[in-house]
Number of protein chains: 2
Amino acid sequence: MSSSADLRRIALAEFSRAGYSATSLQRIAELAGLSKSSVLYHYASKEALLEAAIGPAIDRLEGLVDGLLERGLEALDRRAFIVDFVDFLLEHRNELHIFINQGRALVDVPVVRRANRLVARLAEFFGEAASVQDSMRFGMALAGSAYMLTVAETFDEVAATRTVLQPDETRDALVAIMTELLVPASVPR
Amino acid sequence: MSSSADLRRIALAEFSRAGYSATSLQRIAELAGLSKSSVLYHYASKEALLEAAIGPAIDRLEGLVDGLLERGLEALDRRAFIVDFVDFLLEHRNELHIFINQGRALVDVPVVRRANRLVARLAEFFGEAASVQDSMRFGMALAGSAYMLTVAETFDEVAATRTVLQPDETRDALVAIMTELLVPASVPR
DNA sequence: ATGATGCCTGACCGATCGGTCAGCCCTGAC
DNA sequence: GTCAGGGCTGACCGATCGGTCAGGCATCAT
């Protein structure tokens, strides 16, 4: 029941859903059942709250990228990587959506710049051996996942007849699609 | 040199890049070399400016969707559709990025609700004959394209060594990737 | 009892937000 | 000449923004 952790979770969800600049500290405070002053007691500024909300996920992504670049593209077991990567995306979908789709608006926030650079390094990594098309494949897989894992929640409200995706079903579908995008046809699936 | 059209173009670019709520009328006015009052002379409100900026693209998308649903999935020449669709995405990348990635934040704007419903109809259309996986394929193709066509501009600044994509190269790559995502393997490519 | 500390609050600040309004300037019709 | 209307403007409005500050209220060690 830590207020600090509550605020971090609430801010993460709201920054992802409504956007960073469209989310006021007042609103976060109301959702947490606190006053705006309390929010600023736990976090020195709105930007500090953003850093706390998405920082851990970006740290984890950084470790993942460093591991990849150390070992190189040839040594990569692409299918094993995709399973791990999809689990990362599922767990940090809100953070992903923030730095992917608000990345341009938040370039002056250090943690977002760091995230952008990581994505660029990943895209280069997947594209280095072949054409830029492979970089695009990775970018589309990443941004497509971010969209499906967050915006899609709203979809079921819009398209009310649609069956709600089960978590496992989402995971399996994501693994299958990303395999098509990132594993060359020459590698057996 | 219509001020009205200038404002529409500038607003479209800024709403896409920085986000709707992060873009002030004051900023749009400065970029257009006008006063804020002039912006509100041409468009009754900020929301009206958004409608004018993305409305035409959504009208065109609506026509495209209506045509698809009339003819049905069986009669669809998927490869021809993809080429047309990619050209639509290329031309309206900023509008796309707005209603795809700010769609949740702007649900109370009528034109955005309309766009969301169109996307949901398209996803259902592609998923009806098979599993929800095909809906996800379409959603990822759409959102992935929106990302690569807009955010990717910033990428070349981040990853300065990367070769800038040529327009034709972008188009060809997008067609190739979307074909992989949306054309079943049973159909010859 | 007293003081220190952690958590929280309302009052308040200057800046900026979207939007209103009265009026200026120019051009073209009469 | 004058009137109408389109394009544009600065002054101004209430509301909300992120952020500061002094202080209230528990809990706990001394």
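Report on the accompanying structure. (Residues numbered from 1 in each chain as written. Chains lettered and ligands numbered in written order. Predicted model: local features only at pLDDT ≥ 70, side-chain atom pairs only at ≥ 80, totals over all residues. Heavy atoms only, no water.)

With that settled, consider the protein's contact with DNA strand C. Lining the immediate environment of DNA strand C, one finds 16 residues, of which A:Ser35, A:Ser37, A:Ser38, A:His42 and B:Lys46 sit closest. Backbone atoms, meaning sugar and phosphate, form 49% of the atoms of DNA strand C found within 4 Å of the protein. In this structure, A:Tyr41 approaches DNA strand C through a side-chain N or O atom, which is 3.4 Å from a phosphate oxygen. Within the contact set of DNA strand C, a phosphate oxygen lies 2.4 Å away from a side-chain nitrogen or oxygen of A:His42. At the level of secondary structure, the elements contributing two or more residues to the surface near DNA strand C comprise helix 3 (36-42) of chain A together with helix 2 (25-32) and helix 3 (36-42) of chain B. (Near = heavy atom within 4 Å. Polar contact = N/O pair within 3.5 Å; in protein donor to acceptor, adjacent residues only side chain to side chain. Helix = DSSP H or I, 4+ residues; strand = E, 2+ residues; numbered from the N terminus.)

This part covers the environment of A:Ala53. Residue and element names in this part refer to chain A. By the secondary structure assignment, Ala 53 is in helix 4 (residues 46-71). Given a relative accessible area of 6%, Ala 53 falls into the buried group. Excluding residues that lie within four positions of it along the chain, Ala 53 makes contacts with Arg 8, Leu 12 and Glu 95. (Buried < 20%, exposed > 50% of the residue type's maximum accessible area, 1.4 Å probe, protein only. Contact = heavy atoms within 4.5 Å.)

The full set close to DNA strand D counts 16 residues, and A:Lys46, B:Ser35, B:Ser37, B:Ser38 and B:His42 are the nearest of them. Counting only atoms of DNA strand D within 4 Å of the protein, the fraction found in sugar and phosphate groups is 51%. With respect to DNA strand D, the backbone of A:Lys46 contributes an N or O atom lying 2.7 Å from a phosphate oxygen. A distance of 2.5 Å is found between a phosphate oxygen of DNA strand D and a side-chain nitrogen or oxygen belonging to B:His42.

Next up on the list: the relation of the copies chain B and chain A. Superposing chain B onto chain A takes a rotation of 180 degrees combined with a translation of 0.0 Å along the rotation axis, leaving an RMSD of 0.0 Å. Interpreted geometrically, this transformation is the action of a two-fold axis. If distances are taken from each C-alpha of chain B to the rotation axis, the shortest is found for B:Gly144, at 2.2 Å. The residues that chain B uses at the interface reappear at the interface of chain A in 100% of cases, marking a shared surface. (Least-squares fit on C-alpha atoms with pLDDT ≥ 70 in both.)

Let us look at the layout of surface pockets. The calculated volume of the second largest pocket comes to roughly 360 Å³. Lining of the second largest pocket is provided by 25 residues; of these, A:Ala18, A:Gly19, A:Gln102, B:Gly19 and B:Gln102 occupy positions nearest its centre. Only helix 1 (3-17) and helix 6 (93-101) of chain A together with helix 1 (3-18) and helix 6 (93-101) of chain B provide two or more residues apiece to the lining of the second largest pocket. The leading source of residues in the lining of the second largest pocket is helix 1 of chain B, at 3 residues. Counted by class, the lining of the second largest pocket contains 10 nonpolar, 12 polar and 3 charged residues. (1 Å grid on protein atoms, 1.4 Å probe; cavity = no way out; pocket = protein on both sides within 12 Å on 5 of 7 lines; lining within 4 Å. Points joined across faces, edges and corners; volume = space filled by probe spheres on them. Nonpolar A, V, L, I, M, F, W, Y, C, P; charged D, E, K, R; others polar.)

Turning our eyes to something else, we now look at helix 2 of chain B. Residues and elements named next belong to chain B. Those residues of helix 2 that sit buried are Leu 25, Ile 28 and Ala 29. Buried residues along helix 2 cover an arc of 100 degrees about the axis, so they all sit on one side. In the core, the buried residues of helix 2 are packed alongside helix 1, helix 3 and helix 4 (46-71). Gly 33 sits one or two residues past helix 2 and shows a positive phi near 70 degrees. (Arc of directions from axis to C-beta.)

Under the definition given, this model contains 14 aromatic pairs over all chains. Here B:Phe15 and B:Tyr20 contribute two aromatic rings whose centre-to-centre distance is 5.0 Å and whose plane-to-plane angle is 65 degrees, an arrangement assigned as edge-to-face. Note on B:Phe15: relative accessible area 0%, which makes it buried. The rings of A:Phe81, A:Phe85, A:Phe88, A:Phe125, A:Phe126 and A:Phe138 are connected pair by pair, giving a single aromatic cluster. Sitting over the ring of A:Tyr20, A:Lys46 keeps its end group 4.5 Å from the ring centre. (Phe/Tyr/Trp six-rings, centres within 6.5 Å; stacked < 30°, edge-to-face > 60°. Lys NZ or Arg CZ within 6 Å of the ring centre and 35° of its normal.)

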